[in-house]
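As a plain string of letters, each chain reads:
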Amino acid sequence: MSKSTKKKSAAREWGDALIFAVVAASLIRWLLLEPFTIPTASMEKSLLVGDFLFVSKMHYGTRFPMTPLQVPLTHQKVWGTEIPSYSDAIQLPYYRLPGFSDVERNDVVVFNYPVEFQYPTDLKTNYIKRAIGISGDIIEVRGGDAYVNNELAPKPVEMQYSYDVITNRPLTEDFFYDYGVNPESHYNFSDGSGYLVFATEEMIKRLESSPVITSVTKHIEKNGGDSTIFPDGLALGWNRDNYGPLKIPAQGWTIDMTAENVMKYSFTIEKYEGNENVEVKEGQLFIDGQKVDSYTFKQNYYFMMGDNRHDSLDSRFWGFVPEDHIVGKAWFLWLSLDKYESMFSKIRWSRIFNGID
């Protein structure tokens, strides 16, 4: 005698399929790959605004969610609203599965923006930069060039700087576009004599060959302090083009808390090391009211910089990226759209399925 089975309604079947799809997509996004879009020009020309890429969670090891109470497939807000998509009532400790590799120098890395303290660690805004220095390295910038452990760091093939471009007449958007400079990468001088242009060396050489260009000067800041530079550019005399030397903390590294080290590392110790009641008084560090003469770091850190060196908000301005903020490795492009073009011209066909170096 056969048992009769009740057939599922169409609505039930669609509901089950939707639940399965959400669960499958959530698992893939958490364990394997997460899509990411390039929103700013900080990595041009290596990565362009409108590039769509996949971030590999597998390379450095999948990070377990630290904020488990959140709407699936969201980040910070519910889609199209200002409603938070999570609750921070439960916060789990940091744990990462074994990966294929550690973060290596010059990897292009997606990470949570460290100084966005209004969100839990894993829900801070995702940033993408190049890991110029890893734990234990000494980072320095001299005249705009990055040095790691006193050696000139490899330069990305299409690294950009800013240039003062003086012209003998006003130039159009089409002129710059023909030379590979997008509308968000050049600005008129207030006196009308020329432009500030973000470009690669190759682009600048092409511009210099134009008869309308009278001079081109690389815009490198001279020695001198900048108050916007981490950790205290004004006191240390550092700026974006002349920076350091600064050693990147590594797990297990112990330092004496001299006045200089307090200046360089107290922010990191306070914000990312899980310490409470951290204070700096008269160049000395206090934790829970006790003066600290030496400190041993609890995790690894990284120094990130954008390939568009003069148009990048990076570690020179806000400091080190802690290991527990690492999301994954930028792996390959699956689509690239140029917002200044129309219809099928919007697709940058030559970039699709390119790997990221």
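Residues numbered from 1 in each chain as written. Predicted model: local features only at pLDDT ≥ 70, side-chain atom pairs only at ≥ 80, totals over all residues. Heavy atoms only, no water.

(A) Examining the overall build of the protein more closely. Of regular secondary structure, the protein possesses six helices and 20 strands. Across its three principal axes, the protein shows a C-alpha extent of roughly 95 × 65 × 35 Å. Looking at the 357 residues of the protein, the share that counts as buried comes to 45%. Taking the intrachain contacts of the protein between residues at least 6 apart in sequence as the baseline, contacts between residues at least 24 apart amount to 66%. Counting only carbon and sulfur atoms, one obtains 56% of the accessible surface of the protein, whose full area is about 18,700 Å². Positive and negative side-chain charges in the protein, numbering 36 and 47 respectively, have mean positions lying 7 Å apart. (Helix = DSSP H or I, 4+ residues; strand = E, 2+ residues; numbered from the N terminus. Buried < 20%, exposed > 50% of the residue type's maximum accessible area, 1.4 Å probe, protein only. Contact = heavy atoms within 4.5 Å. Areas by Shrake-Rupley, 256 points an atom, 1.4 Å probe, with all protein chains shown as cover. Lys, Arg positive; Asp, Glu negative; His and termini not counted. Charge placed at Lys NZ, Arg CZ, Asp CG, Glu CD.)

(B) How the structure looks around the packing of aromatic side chains. Inspection of every chain in the model, using the stated rule, returns 28 aromatic pairs. Centre to centre, the rings of F111 and W318 are 5.9 Å apart; their planes meet at 55°, and the pair counts as tilted. Of this pair, F111 sits in strand β3 (residues 108-112) while W318 sits in helix α6 (residues 315-318), placing them 207 residues apart in sequence. Across the pair, W318 and F111 agree in class, each one buried. Above the ring of F117, the side-chain terminus of K271 is found at 5.0 Å from the ring centroid. The side chain of K281 reaches across the aromatic face of F286, ending 5.2 Å from its centre. (Phe/Tyr/Trp six-rings, centres within 6.5 Å; stacked < 30°, edge-to-face > 60°. Lys NZ or Arg CZ within 6 Å of the ring centre and 35° of its normal.)

(C) Representation of helix α5 (residues 259-272) in the model. If you check α5, its first and last C-alpha atoms are 20 Å apart, about what 14 residues at 1.5 Å a residue would give, namely 20 Å. When the local axis directions of α5 are compared, the greatest deviation, roughly 55°, occurs at Y265. The complete set of buried residues in α5 reads N261, V262, K264, Y265, S266, T268, I269 and Y272. Backbone geometry just downstream of α5 places G274 in the positive-phi region, at approximately 75°. (Expected span 1.5 Å × (residues − 1). Bend = angle between axes of the 7 residues up to and from the residue.)

(D) Structural detail: helix α3 (residues 201-208). Residues of α3 that are buried include every one of M203, I204 and L207, and no others. One side of α3 holds all its buried residues, which, seen down the axis, span an arc of 100°. Residues of α3 that are exposed and point more than 90 degrees away from the buried face comprise E202 and K205. If you follow the buried residues of α3, they end up packed against β8 (161-167), α2 (173-178), β10 (194-199) and β11 (213-218). (Arc of directions from axis to C-beta.)

(E) Representation of the sheet that holds strand β7 (residues 151-152). The strand order across the open sheet formed by four strands is β7-β6-β5-β12, and the pairing between neighbours is antiparallel. The open sheet has two free edges, formed respectively by β7 and β12 (243-247), since each of these has just one partner strand. The sheet contact formed by strand β5 (residues 138-142) and β12 spans three bridges and is antiparallel. Of the residues in β12, the one forming a bridge with I139 is L246. (Pairing = 2+ DSSP bridges.)

(F) Inspection of the sheet that holds strand β14 (residues 278-281) at higher detail. Reading across the sheet, the three strands line up as β14-β15-β16 and stay open at both edges, with antiparallel pairing between neighbours. If you trace the sheet from one side to the other, it starts and ends with β14 and β16 (290-292), each paired once. Each neighbouring strand pair of the sheet contributes to a mean axis angle of 40°, computed without reference to strand direction. Examined bridge by bridge, β14 and strand β15 (residues 284-287) share four bridges and lie antiparallel to one another. Within β15, the residue paired with E279 across the bridge is F286. (Axes fitted to C-alpha atoms, helices over the stretch in contact; angles between N-to-C directions.)

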